[in-house]
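A closer look at the structure
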Amino acid sequence: MTSAAARTKSSHPREIRLRGAIASPGIAIARCFKHDVGIRIVEKRKISADAVEGEIQRLRDAMLSAREEIRQIQFEADRVVGDAMAKIFEAQLMILDDETFINSVAVEIARQKLNAEFVYQRQIQRNLKSLRKSNDSYLKEMANDINATAAKVFGFLVGRHSNKLVNNKNKIALAEEFSPGEIVLINKYGIPGYATQVGGSTSHMALIAKSLSIPAVVGVSGLLERCPDGATVIVDGNRGEVIVHPSEETLSEYKAERRKRRSYLSKELQGLGKLEHTTKDGTEVEILANLEIPTDVDQSLASGNIGVGLYRTEFFYLASMKFPSEADQTRIYSEIARTFFPNPVTMRTFDLGSDKTTGEYHQIDEDNPAMGWRGIRFHLDLPRVFRTQIKALLRASEFRNIRIMLPMVSSPSELAKARRIINSVKRELKAEKIKYDPDIEVGIMVEVPATAIMAESLARHADFFSVGTNDLIQYALAVDRGNKKVAKLYREYHPGVLRLVDMTIKAGIKTGTPVSLCGEMAGKSLSVPLLLGMGLRSFSVTPPRVPSLIKIINRLDISACEELTARVSELATAEKIEALLLDWFTRNVGEKYLEG
Ligand code: PEP
Ligand code: MG
């Protein structure tokens, strides 16, 4: 080795590998930037009496610049993803317009003769401390908004602009945490991947990243400290790792892996239309996608003859923390229905509550929010919000491909009440001479164990079922789906869980009620033959999983799947079931299709 080469080699910073949890698969390699990492430590500096006015002006100028910057991002967001998403920034603008707060900082600067950034930072920290102590999710949300806004003002005060998603195309974003709206912008602004210090892998933020195919790793301790701004970083969403300053060798290994994956996915998505949705023995299987917001892949899915098995409409609320108006909802739902026509679009009414809390309504503390005020319970207690959404869905139903799906139903009476409201909205539309699909189907999510057990009697009131294993597993096994500490107990192949899924499918077959499965389990390679063997004929998965799901189905034979399912039903533990499924899959489908 020449001495020059040796020097170069030794000056390369040491490779650091940080572990986190997988939020969304894929590999991103790029330089990184830290996105609004909060307020930095500043020096306390005395100023003269003459300097007070200038100092207050400096604060006001920084706030104006921050305002301008947020307006620009809001404008961009509106342009690329629509006004519902852009409204997320309104809370930040309101914070900047809070004259009482600005005056209190100005008074302190004048009274104590201290520099603006120090006083501003101190006041903000005081506010954040009291808000963060609260258990109220609305106040916690407000604390996040204040933190994000203050970081921008602070950046201008110290002459260092806060980083912006809009200006960091092709760079990896690092942050303490991202909001759902920001994940959407990450996708739109060409940011190839992200990593965060907090967050769990089954959170809804992780699901949206997965659905948008953004490689992401969450819950990486020490991320912001150990990863300098501008460093080369690999986000390995397949293994849940962030590699800082990767060596030449690591880089070339990962580049090869990324190339393979990228060309695989884009080729596969474009070629969807050519694939038959049948098993080897010619049995038809319905293939659907889970979606949250309109994206570029919608068109590829639609032209590939893929319908929508789960549209999580609550993301329209979560991105802006406001319920879109009836007119806005009608427009959004109509566009989606038109894109996917003639395939079905299953619109799940807002599934709010639990980890998807609403600032406005979830102001009362709940000890167990996952078992609390969520899904259909929220709708029936707030019929105004529910009626508005139903009215918009009905108005958008002229293509007759929209289906309404109700979340978290746990008893026939809940479904009956919801149906009464839906019928009353239909009468209202009829009186107003507004067209809608009079035969629109109304189905339910089966995600509460009691609902799976009672599926046969619920079938009398439901037009279809969709099994939501993400929640069904957490409720059946009493394992919080977002809690890293008990993640190893969250097992889809637990015999108790499988029995609930099987009961629902069998109840559907017996009563002639179509059953789909839209939980993450539908996209797991090992569960596909098992579910087919139980009699499932409709799968709804995240868009990147669609091509490989079809290819797996093409390689399966129903009678062989039924034999496998019978063998699984004899086994008493999740470990034994998983081992059998793995062995069977490797021999009958092939290792190549194991991913996922
Ligand atoms: C589920 O619970 O399986 C589901 C699909 O709904 P979500 O993940 O939105 O709770
Ligand atoms: Mg659910």
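Here the structure is shown first, and the text comes after it.
Everything numeric in this text was worked out from a predicted model, so none of it was measured. (Residues numbered from 1 in each chain as written. Chains lettered and ligands numbered in written order. Predicted model: local features only at pLDDT ≥ 70, side-chain atom pairs only at ≥ 80, totals over all residues. Heavy atoms only, no water.)

What about the overall build of the chain?
Each helix and strand counted, the chain has 25 helices and 16 strands in total. When each of the 596 residues of the chain is scored for burial, the buried share is 55%. Counted over contacts in the chain with a minimum sequence separation of 6, partners at least 24 positions apart contribute 70%. (Helix = DSSP H or I, 4+ residues; strand = E, 2+ residues; numbered from the N terminus. Buried < 20%, exposed > 50% of the residue type's maximum accessible area, 1.4 Å probe, protein only. Contact = heavy atoms within 4.5 Å.)

A word on the coordination of the magnesium ion (ligand 2)
Bound to the magnesium ion (ligand 2) are the protein donor atoms Glu447 (OE) and Asp471 (OD), situated 2.1 to 2.2 Å from the metal. Of this pair, Glu447 sits in the loop between strand E13 (441-446) and helix H18 (449-453) while Asp471 is found in helix H20 (residues 469-477), placing the two residues 24 residues apart along the sequence. This pair shows no difference in class: Glu447 is buried, exactly as Asp471 is. (Donors = N, O, S within 2.8 Å, 3.2 Å for Na, K, Ca; no water.)

Quick look at the environment of Ser303
Along the chain, Ser303 falls in helix H12 (residues 297-303). Residues Ser303 and Gly273 lie 30 residues apart in sequence; the distance between their C-alpha atoms is 6.5 Å. There is a polar contact of 3.5 Å between the side chain of Ser303 and the backbone oxygen of Ser300. (Polar contact = N/O pair within 3.5 Å; in protein donor to acceptor, adjacent residues only side chain to side chain.)

Side note on the state of the cysteines
Counted under the stated rule, the structure contains zero disulfides. Cys227 provides the cysteine sulfur closest to Cys32, a residue in no disulfide bond, and the two sulfurs are 3.7 Å apart. (Disulfide = S-S within 2.5 Å.)

Describing the sheet that holds strand E3 (residues 27-34)
Ordered by their spatial adjacency, eight strands build an open sheet running E1-E8-E7-E3-E4-E5-E6-E2, and the pairing between neighbours is mixed. The open sheet terminates on both sides in strands that have one partner only, identified here as strand E1 (16-19) and strand E2 (21-24). For this sheet, the mean inter-axis angle between neighbouring strands, taken without regard to orientation, is 30°. Against the sheet, helix H11 (residues 248-270) makes contact with E1, E3, strand E7 (232-236) and strand E8 (241-244), and its axis sits at roughly 120° relative to E3, the strand it touches most. (Pairing = 2+ DSSP bridges. Axes fitted to C-alpha atoms, helices over the stretch in contact; angles between N-to-C directions.)

Description of the site of ligand 1
Around ligand 1 there are 15 residues in total, and Arg312, Arg348, Gly468, Asn470 and Arg481 lie nearest to it. The separation between an oxygen atom of ligand 1 and a polar side-chain atom of Arg312 is 2.8 Å. The contact in question runs from an oxygen atom of ligand 1 to an N or O atom on the backbone of Asn470, over 2.8 Å. Out of a free accessible area of 290 Å², ligand 1 has 100% covered by protein chains. Within the shell around ligand 1, the residues separate by chemical class into four nonpolar, five polar and six charged. (Near = heavy atom within 4 Å. Areas by Shrake-Rupley, 256 points an atom, 1.4 Å probe, with all protein chains shown as cover. Nonpolar A, V, L, I, M, F, W, Y, C, P; charged D, E, K, R; others polar.)

Focus on the packing of H20 against helix H21 (residues 495-511)
Relative to each other, H20 and H21 sit at 130°, their axes nearing to 10 Å. Taken together, the axes of H20 and H21 are oblique relative to one another. When you trace H20 past H21, the crossing you get is right-handed. Across from Thr469, Leu472, Ile473, Ala476 and Leu477 in H20, the residues of H21 making contact are Val497, Leu500 and Val501. When the residues that make up the contact of H20 with H21 are grouped by side-chain class, the tally is seven nonpolar, one polar and no charged. (Parallel < 35°, antiparallel > 145°, perpendicular 65-115°, else oblique. Left-handed = near helix turned anticlockwise from the far one by under 90°.)

A word on the packing of aromatic side chains
Applying the stated rule across the entire model yields eight aromatic pairs. Look at Phe101 and Tyr120: their rings are 6.2 Å apart centre to centre, the planes differ by 70°, and that puts the pair in the edge-to-face class. Placement of the pair is Phe101 in helix H5 (residues 99-112) and Tyr120 in helix H6 (residues 116-133), with a sequence separation of 19 residues. With relative accessibility at 12%, the residue Phe101 sits in the buried group. Exposure remark for Tyr120: the relative accessible area of 2% places this residue in the buried category. Between Phe323 and Phe350, the aromatic rings sit 5.2 Å apart at their centres with planes inclined by 50°, giving tilted as the arrangement. Residue Phe323 is found in the loop between helix H13 (314-318) and helix H14 (326-340), and its partner Phe350 is found in the loop between strand E11 (345-348) and helix H15 (376-381); the two are separated by 27 residues along the sequence. (Phe/Tyr/Trp six-rings, centres within 6.5 Å; stacked < 30°, edge-to-face > 60°.)

Points about unusual backbone geometry
In this structure, the amide linkage connecting Phe341 to the following residue, Pro342, adopts the cis form with an omega of 5°. Relative to the helices and strands, Pro342 resides in the loop between H14 and E11. Of note in this structure, Asn170 is not a glycine but carries a positive phi near 70°. Relative to the helices and strands, Asn170 resides in the loop between helix H7 (137-157) and strand E4 (172-175). For Met408, which is not a glycine, the phi torsion comes out positive at approximately 60°. Assignment of secondary structure puts Met408 in the loop between strand E12 (402-406) and helix H17 (412-431). Judged by relative accessible area, which is 1%, Met408 ranks as buried.

Notes on the side chain of Gln389
Considering the arrangement of structural elements, one finds Gln389 in helix H16 (residues 383-395). At a separation of 3.1 Å, a polar atom in the side chain of Gln389 contacts the side chain of Tyr333. When residues no more than four places from it in sequence are discounted, the contact partners of Gln389 are Thr313, Gln329, Tyr333, Arg348, Thr349, Phe350 and His379.

Regarding the nonpolar core
One finds Tyr120, Tyr194, Tyr333, Leu406 and Phe539 to be the most contacted residues of the largest nonpolar core, which totals 152 residues. The greatest single-element share of this core, amounting to eight residues, is contributed by helix H2 (residues 52-81). With residues near it in sequence (within four places) discarded, Tyr333 still touches Thr313, Phe316, Met347, Phe350, Gln389, Ala392, Leu393, Ala396 and Ile402. (Core = buried A, V, L, I, M, F, W, Y, C linked by side-chain atoms within 4.5 Å.)

Here we look at a nonpolar patch on the surface
Nonpolar side chains collect at one region of the surface, where Ile453, Met454 and Met503 lie side by side and expose about 250 Å² of accessible area between them. With respect to the helices and strands, the residue Met503 is situated in helix H21. (Patch = residues over 30% accessible without salt bridge, like charges linked within 9 Å, V, L, I, M, F, W, Y side chains within 5 Å. Salt bridge = Lys/Arg side-chain N within 4 Å of Asp/Glu carboxyl O.)

Details of H20
For H20, the buried fraction is high: eight of the nine residues fall into the buried class. For H20, every residue scored as buried is listed here: Thr469, Asn470, Asp471, Leu472, Ile473, Gln474, Tyr475 and Leu477. Within two residues after H20, Ala478 carries a phi angle of roughly 55°, on the positive side.

Comments concerning the environment of Glu284
Assignment of secondary structure puts Glu284 in the loop between H11 and strand E9 (286-291). Residues Glu284 and Ile553 lie 269 residues apart in sequence; the distance between their C-alpha atoms is 9.7 Å. Beyond its immediate stretch of four places on either side in the chain, Glu284 contacts His277, Thr278 and Arg537.

Structural notes on the pairing of E9
Burial runs high along E9: five of the six residues are buried. Note that E9 and strand E16 (residues 538-541) share four bridges and pair parallel. Note on E16: the bridge partner recorded for Leu288 is Ser540. Where E9 lies against strand E10 (residues 307-312), four bridges are found, and the strand directions are parallel. Paired with Asn290 across the strands is Leu310, a residue of E10.

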